[in-house]
Amino acid sequence: MNFNILSRVDNICSINTAVATINNLGIPKEDKLTYNFFKKFSKEWNVRRTLGKEEDFRKFIDDFNNDIYKDIKKVDSLKSASELVRKFSEDRAITIKNGERRRPLSAVSKIFHFYNPTHFYVYDNYASQALNYSGGVDNIYEFFKKFDDALKIHDEFLTKSISDYREINGSIGINNEDIGILKIRFLDVSLMKISGRNM
């Protein structure tokens, strides 16, 4: 992974995207998932297509609220976080046109991250490419570890970039205690750009 291929403008745009996502949705979420919020969330994070038909979408919300959302807040390790993501993704697999079963890993990781942002990382195909990860749902712990390592290795760069951004833009609507969440989102956007996604 090479941040040097990203320009200063790329970094500013990545932080801007990260800030916009956080400000549009808030952080972190405490109450149960509602239809209207999840509809907005799915559009903001571009995951609606992975959640199937309307009945699948509504079932995801019901299952989340009944089975899992309280457990998400209790998670305190990457290992337990990855297992929760793997199991919930596996149990919510949907059948697509050719009969293939698709597990909504990206959507699951993103909504779990929203409820517990410091222990659940955001999975995306582009980000996984930048981290040289190809294990899908089954080895999601490996992806979480790679993301966590990247976060630690590049902490100085992420911190300085955000500090420079705040100095230029003034108030960005994010408290100091939430800067860690902004770093995660900034890294996620940067990884996607490194793999060629236009954002």
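Just so it is clear, the structure is predicted and the values come from calculations on it, not from any experiment.

Engineer: Help me get a handle on the layout of surface pockets, residues and values and all.
Structural biologist: Estimated volume of the largest pocket: approximately 450 Å³. Lining the largest pocket are 19 residues, with Arg-49, Thr-50, Ser-106, Tyr-123 and Asn-125 sitting closest to its centre. For the lining of the largest pocket, the elements supplying multiple residues, two or more each, are strand S2 (101-102), helix H5 (105-115) and helix H6 (125-130). Among the elements that take part in the lining of the largest pocket, H5 stands out by supplying 3 residues, more than any other. Among the residues making up the lining of the largest pocket, the classes are represented as 6 nonpolar, 5 polar and 8 charged.

Engineer: A description of helix H3 (residues 54-74) should follow, citing residues and the corresponding values.
Structural biologist: In this model, H3 (21 residues) spans 30 Å end to end at C-alpha, consistent with the 30 Å of a helix rising 1.5 Å per residue. Of all the bends in H3, the greatest measures close to 60 degrees and is centred on Ile-68. For H3, the full list of buried residues reads Phe-57, Phe-60, Ile-61, Asp-63, Phe-64, Asn-65, Ile-68, Tyr-69 and Ile-72. For H3, the elements touching its buried residues are helix H2 (35-44), helix H4 (78-91) and H5.

The rules behind each value
Residues numbered from 1 in each chain as written. Predicted model: local features only at pLDDT ≥ 70, side-chain atom pairs only at ≥ 80, totals over all residues. Heavy atoms only, no water. 1 Å grid on protein atoms, 1.4 Å probe; cavity = no way out; pocket = protein on both sides within 12 Å on 5 of 7 lines; lining within 4 Å. Points joined across faces, edges and corners; volume = space filled by probe spheres on them. Helix = DSSP H or I, 4+ residues; strand = E, 2+ residues; numbered from the N terminus. Nonpolar A, V, L, I, M, F, W, Y, C, P; charged D, E, K, R; others polar. Expected span 1.5 Å × (residues − 1). Bend = angle between axes of the 7 residues up to and from the residue. Buried < 20%, exposed > 50% of the residue type's maximum accessible area, 1.4 Å probe, protein only. Contact = heavy atoms within 4.5 Å.

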